[in-house]
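Report on the structure
These are the residues of each chain, in order.
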Amino acid sequence: MISNFFVLSPRGDTILAKQYRTSGAAAHERSHTEALFRKIKFWDDLKEQTKVVSTSEDSEQQQSTTTTTTTQGRAGDAPPVLLMPDGLTYFHVKRNGLIFGASSARNVSPNTVVELLSTIARIFKDYCGTLSEEALRKNFILCYELLDEMIDYGYPQVTRTENLKSFVYNEPIVVEPVINTGNMVNPKTASANAVHKPVIATASTGGIGKSNGGGPQKNEIFVDILERLNILFSNNGYVLNSTIDGCIQMKSYLAGNPQLRLALNEDLIVGKDAPRGSYGGGSGAKVDDMNFNDCVNLTEFETARTLSFIPPDGEFVVLNYRITGEFATPFRIFPSIEEVEPKKIELTVLLRAEMAANHFGANVSVEIPMPKTGITAVSCNLITAPGTGYANAEYTASSNKIVWSMKKFPGGGEQTLRAKISLDKPVTTQWRQQLGPINMCFEIPMYNVSNVQVRYLRVAENMVGYTPYRWVRYVTQSSSYVCRL
């Protein structure tokens, strides 16, 4: 299947490397990993190339005709599968700034290899506690032991956290997690420190994790209801396309692996064609489809919307759900473009938070791409509402975009950006077409759009003196929040 596996740091250094097949060049050799790293890192640096061809007609008047050919550059992240000059196919995924990669000389399924790399990254996080360059370097013996058990001659063998525990004998060296709290507004958006505990006991931590030996253990379980929004607005502010990709994920540190019961909304409707009120008689959450982890027992789901399961070791996803169609968007974008003078236009962007006042958007960022040619000056003015905190908008000539950032955007408020753009020649239709689209990024703690709620999470059996701590967190994030201009 795969010939080589490697992990690269954010600088391109090789942290871990293992060769499974000797046929062909070694993927973890310095020259090959450097070439792959450069291709991934500088994928979107190819600028537009403009060729100008002038032809002269009519020798008396010397009139010239100019033809312009524009080649669009590559934008966005590099694809997960790349064919390199050494003849091998390279696969990679990014996790916490690290690049988990593999290569193969054979025609293998890309989805299988990408899923394998994602599983390896998750298992490293489960056993090291946190996924960072320092954690992998300090636990490289443990990581190589895990790789020896997970992959044999390039083929995956054991890829479950709980099954690997009986084969792993090295203890992890606990590393403090590196959390970027510089932009954090509220601790609700950050994970608790206990989430970064390894799943196996260590002598230095007094037996944390789910091992039965080594000392006292605090019974905790962490539940995250995560929703990622994909919304496309028209230039009039109307929603053209909208979807929600949601999941409920857990990480359990409960001693004895007790069976858990998780209850969702009683009026939850599953099925795109199912009418509202067909279950529970309410008008609550409605999802198009759901898929569940194989450890979940669905016996009571149809009657009581209750799931029962024994949580596996490490972090796992209990269920995924998807919603398409109309729903209340947390933010609305209303752009307008006015041609003040032949060589000057005024761009106005109004943002409106249509959620309750007790919620807020954190780390809000709005990017407005500008045409790469013809701009001489850009000035930005902001009209902010009370409680917004720090807000800034500026035009960056190197990236040809206006970046508007807000640390906090309270619900029910409005923010306005006015940008005056000066040009070196009159505005043309072609120049207008290169303006935009607007891209918005945000995170809303303790809020979800779909109204999918966890009614309760409890241990199925009544165990005397067993009092687990339950931590439930709701987070809504933007995946693709775009408005056309």
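For clarity, every value in this text was computed on a predicted model and none was experimentally measured. (Residues numbered from 1 in each chain as written. Predicted model: local features only at pLDDT ≥ 70, side-chain atom pairs only at ≥ 80, totals over all residues. Heavy atoms only, no water.)

**Side note on the overall build of the chain**
Within the chain one finds seven helices and 28 strands. With 485 residues in all, the chain has 44% of them scored as buried. A sequence separation of at least 24 residues applies to 69% of the contacts in the chain between residues at least 6 apart. Total accessible area on the chain is roughly 24,000 Å²; 47% of this is exposed by carbon and sulfur atoms. (Helix = DSSP H or I, 4+ residues; strand = E, 2+ residues; numbered from the N terminus. Buried < 20%, exposed > 50% of the residue type's maximum accessible area, 1.4 Å probe, protein only. Contact = heavy atoms within 4.5 Å. Areas by Shrake-Rupley, 256 points an atom, 1.4 Å probe, with all protein chains shown as cover.)

**Description of the sheet that holds strand β7 (residues 98–104)**
Strand order in the open sheet made by the five strands is β2-β1-β7-β6-β5, with antiparallel pairing throughout. Each edge of the open sheet is held by one strand with a lone partner, namely β2 (14–19) and β5 (81–83). Looking at each pair of strands side by side, their axes are set apart by 20 degrees on average, direction ignored. In this fold helix α2 (residues 110–128) packs onto β1 (4–8), β2, β5, β6 (89–95) and β7, with an angle of close to 40 degrees to the strand it touches most, β6. Contacts from helix α4 (residues 140–150) reach β1 and β2 within the one sheet, and its direction differs from that of β2 by about 30 degrees. (Pairing = 2+ DSSP bridges. Axes fitted to C-alpha atoms, helices over the stretch in contact; angles between N-to-C directions.)

**Comments concerning the side chain of N265**
With respect to the secondary-structure elements, N265 resides in the loop between β12 (260–264) and β13 (269–270). Taking the relative accessible area as the measure of exposure, N265 reaches 9% and is therefore buried. Within the local environment of N265, its side chain forms a polar contact with the backbone nitrogen of Q453, the two atoms lying 2.6 Å apart. Not counting residues within four places of it along the chain, the set of residues in contact with N265 comprises A285, R305, N451, V452, Q453 and R455. (Polar contact = N/O pair within 3.5 Å; in protein donor to acceptor, adjacent residues only side chain to side chain.)

**A closer look at the packing of α2 against α4**
Orientation of α2 relative to α4, taken along the N-to-C sense of each, is 135 degrees, at an axis distance of 11 Å. Considered as vectors, α2 and α4 are oriented oblique to each other. Once α2 is placed against α4, the crossing between them reads as right-handed. Listed contacts from α4 to I120, I123, F124, Y127 and C128 of α2 are L142, C143, L146, L147 and M150. For the contact of α2 with α4, the class distribution of residues is ten nonpolar, no polar and no charged. (Parallel < 35°, antiparallel > 145°, perpendicular 65-115°, else oblique. Left-handed = near helix turned anticlockwise from the far one by under 90°. Nonpolar A, V, L, I, M, F, W, Y, C, P; charged D, E, K, R; others polar.)

**A look at the pairing of β2**
Looking along a regular strand, one sees side chains alternate from face to face of the sheet. Relative to β2, β1 is paired through five bridges, and the arrangement is antiparallel. The residue bridging F6 from the neighbouring strand is A17, located in β2. Counting the residues that bridge the hairpin from β1 to β2 gives five residues, and of these G12 lies at a positive phi of roughly 100 degrees.

**Comments concerning the pattern of salt bridges**
Following the criterion strictly, the structure yields 19 salt bridges and no others. The partner of R160 in a salt bridge is D294, with the nearest N and O atoms 2.6 Å apart. Here R160 is found in the loop between β9 (155–156) and α5 (161–164), whereas its partner D294 is found in the loop between β15 (289–292) and β16 (296–297), with 134 residues between them in sequence. Among the salt bridges present, the one from D224 reaches R473, with a minimum N-O distance of 2.7 Å. Taken together, the residues span a long stretch of sequence, with D224 in strand β10 (residues 220–233) and R473 in strand β28 (residues 469–483) at a distance of 249 residues. Assigned by exposure class, D224 and R473 land together as buried. The network of salt bridges with shared partners includes R11, D13, E133 and R137. (Salt bridge = Lys/Arg side-chain N within 4 Å of Asp/Glu carboxyl O.)

**Description of the packing of aromatic side chains**
One pass over the structure, following the stated rule, counts ten aromatic pairs. Ring centres of F6 and Y90 lie 6.4 Å apart, and the angle between their planes is 55 degrees; this geometry places the pair in the tilted category. One end of the pair, F6, is in strand β1; the other, Y90, is in strand β6, with 84 residues separating them in the sequence. By relative accessible area, which is 0% here, F6 ends up buried. (Phe/Tyr/Trp six-rings, centres within 6.5 Å; stacked < 30°, edge-to-face > 60°.)

**Details of the state of the cysteines**
Formally, a disulfide is one covalent bond, and it connects the sulfur atom of one cysteine to the sulfur atom of another. Tallied over the full model, the rule gives zero disulfides. The thiol of C128 is not disulfide-bonded; the next cysteine sulfur, from C143, is found 4.1 Å away. Residue classification places C128 among the buried residues on the basis of a relative accessible area of 1%. (Disulfide = S-S within 2.5 Å.)

**A few points about the environment of G436**
Relative to the helices and strands, G436 resides in the loop between α7 (429–433) and β26 (438–445). Those residues within four positions of G436 in sequence are excluded, and the remaining contacts are P369 and L485.

**Some thoughts on the confidence of the model for the chain**
Looking at the chain as a whole, the pLDDT averages 82, with 81% of positions reaching at least 70. Across residues 46–74, confidence stays below pLDDT 50; counting only partners more than four residues off in sequence or on other chains, it has 35 contacts. This stretch, residues 277–282, has a pLDDT under 50; its non-local contacts, to residues over four places away or in other chains, come to 15 contacts. (pLDDT = per-residue confidence, 0-100.)

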